[in-house]
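# Summary of the model geometry
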Amino acid sequence: MARNILVTGGAGYIGSHTVLQLLLGGYRVVVIDNLDNSCDIAIKRVQELAGPEYASNLSFHKIDLRDKTALGKIFASTKFDAVIHFAGLKAVGESVAKPLLYHDNNLIGTINLLEIMVANECKKLVFSSSATVYGWPKEVPCTEEFPLSAANPYGRTKLFIEEICRDVYLSDSEWKIILLRYFNPVGAHPSGYIGEDPHGTPNNLMPFIQQVAVGRRSALTVFGSDYATSDGTGVRDFVHVMDLADGHIAALCKLSDPSVGCEVYNLGTGKGTTVLEMVAAFEKASGKKIPLVMAGRRPGDAEVVYASTAKAERELKWKAKYGIDEMSRDQWNWASKNPYGYGSPKSGASLIAHI
């Protein structure tokens, strides 16, 4: 089993939760992150959650993947068994306004990473892709064989990186690559000590809901109330971040399978939940009323998107364990203890106070 793991973007939302699970699984982890949309406090808290037995197995370096020299030095200092690649810009709206920034950061950074991996004979990769590569699916659930498209520059960078990975494998069958397409990550670690802390205006539903709940925003704007769904709002596949973290561990283990080439797996629950159903679950968990402002549909928003998870269940032996009640409970636990994310007052308080 691979033991030395490089995690790019490991200070971010999904990255930090995955790093914790790696440490608890006995892996040695090196995290690199440029902290553009993350916080090094997350790394410190992961070490605290892991406890003294495992904390020393984690090291952190502030590095941008576009700095090939710095990246090369990391590989020169440690022989990695595999890489989990989260690092990348991910705001859809920003990607539309700044497409060159997204292509430069996400694509060039990934190409640098792959080149350095080749130079150091590390050819096992788990890539953080996204359900955005399905564009607007004509039917549901989305299977891994669906045609691919992307509706914005962010989604296109994920799609292009998937294609790059497929080309790399076709050029050299020693590579073992797993592309994980996850749907809508929500929730937080049950301790409430690490969670999602987006910089600026949230791009996703749950961080927006939690900011309304803690008083940072006055109301949640719901885009579209006239869809052909149970309550008129869009349907998405929300998946707990801890389930996603475990999915990455499962993928890492799968890389040891001799039959793996370049494989793709959906990570979701396989169930659709409307926006209003998720709001109701959060209200129940938090005891807070979330004021709503109903607005028209956003251009490009799909009506219903959820995953087929049969392939991940069959081949990765992975299945989501948590439903929207647990997602909402853990999201509120994080939000109530950290109303301003990692920048909240007393953010340096001891772990004991947060569990």
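Residues numbered from 1 in each chain as written. Predicted model: local features only at pLDDT ≥ 70, side-chain atom pairs only at ≥ 80, totals over all residues. Heavy atoms only, no water.

Moving on, we come to the overall build of the chain. What the chain contains, in helices and strands, is 12 helices and 13 strands. Taken against the 2.2 N^0.38 rule, which gives 20 Å for 355 residues, the C-alpha radius of gyration of the chain at 19 Å falls within 12% of a compact globule. For the chain, the spread of C-alpha atoms along the three principal axes comes to 55 × 50 × 40 Å. The burial tally for the chain puts 55% of its 355 residues in the buried class. Counting only contacts in the chain whose residues sit at least 6 apart along the sequence, the fraction spanning at least 24 positions is 81%. Roughly 14800 Å² of accessible area belongs to the chain as shown, and the carbon and sulfur atoms make up 53% of that amount. Distance between charge centres in the chain, computed from 37 positive and 38 negative side chains, equals 3 Å. (Helix = DSSP H or I, 4+ residues; strand = E, 2+ residues; numbered from the N terminus. Rg over C-alpha atoms; globule rule 2.2 N^0.38 Å. Buried < 20%, exposed > 50% of the residue type's maximum accessible area, 1.4 Å probe, protein only. Contact = heavy atoms within 4.5 Å. Areas by Shrake-Rupley, 256 points an atom, 1.4 Å probe, with all protein chains shown as cover. Lys, Arg positive; Asp, Glu negative; His and termini not counted. Charge placed at Lys NZ, Arg CZ, Asp CG, Glu CD.)

Attention shifts here to the packing of helix α10 (residues 275–286) against helix α12 (residues 324–337). Contact pair α10 / α12: the axes reach a minimum separation of 8 Å and the direction vectors enclose 55°. Considered as vectors, α10 and α12 are oriented oblique to each other. Crossing hand, α10 versus α12: right-handed. Facing α10, whose interface residues are E277, M278, A281, F282, K284, A285 and S286, α12 presents I324, D325, M327, S328, R329, Q331 and W332. Of the residues that constitute the contact of α10 with α12, the class distribution is 7 nonpolar, 3 polar and 4 charged. (Axes fitted to C-alpha atoms, helices over the stretch in contact; angles between N-to-C directions. Parallel < 35°, antiparallel > 145°, perpendicular 65-115°, else oblique. Left-handed = near helix turned anticlockwise from the far one by under 90°. Nonpolar A, V, L, I, M, F, W, Y, C, P; charged D, E, K, R; others polar.)

Moving on to the pairing of strand β6 (residues 176–182). By the criterion of burial, β6 is predominantly enclosed, with 7 of the 7 residues buried. Side chains K176, I178, L180 and Y182 of β6 all project onto a buried face; the interleaved residues I177, L179 and R181 project onto the opposite face, where all are buried too. Pairing of strand β5 (residues 124–130) with β6, which is carried by 7 bridges, proceeds in the parallel orientation. Across the sheet, F127 pairs through a bridge with L179, a residue of β6. Two strands pair when backbone bridges link them, and β6 and strand β11 (residues 262–267) are joined in this way by 6 bridges, in the parallel orientation. Looking at β11, one finds that I178 is bridged to E263. (Pairing = 2+ DSSP bridges.)

What follows deals with the side chain of K176. The residue K176 is located in strand β6 in this model. Those residues in contact with K176 that lie beyond four places of it in its chain are K123, K124, L125, L255, D257, P258, V260 and G261.

Ordered by their spatial adjacency, 7 strands build an open sheet running β3-β2-β1-β4-β5-β6-β11, and the pairing between neighbours is parallel. Every interior strand has two partners, whereas the edge strands, β3 (58–62) and β11, have only one. Ignoring strand direction, the axes of neighbouring strands in this sheet form an average angle of 20°. With 5 bridges connecting them, strand β1 (residues 4–8) and strand β2 (residues 28–33) associate as parallel partners. Each residue of the ladder has a partner; that of N4, found in β2, is R28. Packing of helix α4 (residues 68–77) onto the sheet brings it into contact with β1, β2, β3 and β4 (82–85), and relative to β2 it is tilted by some 175°. Sheet strands in contact with helix α7 (residues 153–171) are β5, β6 and β11, and its direction is about 155° off that of β5.

Given a rise of 1.5 Å per residue, 19 residues ought to cover 27 Å, and the 26 Å separating the end C-alpha atoms of α7 matches this to within 8%. Restricting attention to buried positions, one finds in α7 the residues P153, Y154, G155, T157, K158, L159, I161, E162, C165 and V168. Buried residues belonging to α7 abut α5 (92–97), α6 (99–119), β5, β6 and β11. For α7, the side-chain oxygen to backbone nitrogen distance between the N-cap and Y154 is 3.2 Å, and the N-cap itself is N152. (Expected span 1.5 Å × (residues − 1). Polar contact = N/O pair within 3.5 Å; in protein donor to acceptor, adjacent residues only side chain to side chain.)

Moving on to the environment of T18. On the secondary structure map, T18 appears in helix α1 (residues 13–24). Through-space distance from the C-alpha of T18 to that of Q211 is 24 Å; in sequence the pair is 193 residues apart. Setting aside residues no more than four positions away along its own chain, T18 makes contact with I84, F86, A245, H248 and I249.

Across soluble globular proteins, you tend to see nonpolar side chains buried next to one another. If you look at the biggest cluster of nonpolar residues, it comprises 48 residues, and the most contacted ones within it are V7, L22, V29, L180 and L252. The leading source of residues in this core is helix α9 (residues 241–254), at 7 residues. Sequence-distant contacts of L22, that is, excluding residues within four places in its chain, are made with I5, V7, Y27, V29, I84, I249 and L252. I32, I116, M117 and V168 belong to the second largest nonpolar core, which has 27 residues in total. (Core = buried A, V, L, I, M, F, W, Y, C linked by side-chain atoms within 4.5 Å.)

Below, the discussion takes up the pattern of salt bridges. One pass over the full model with this rule turns up 19 salt bridges. Here K311 makes a salt bridge to E263, at a shortest N to O gap of 3.2 Å. In this pair, K311 is assigned in helix α11 (residues 310–316) and E263 in strand β11, connecting sequence segments 48 residues apart. Relative accessible area serves as the criterion here: at 10%, K311 is assigned to the buried category. K289 is the salt-bridge partner of E283, the closest N and O atoms lying 3.8 Å from each other. Overall, K289 belongs to the exposed group, its relative accessible area being 67%. (Salt bridge = Lys/Arg side-chain N within 4 Å of Asp/Glu carboxyl O.)

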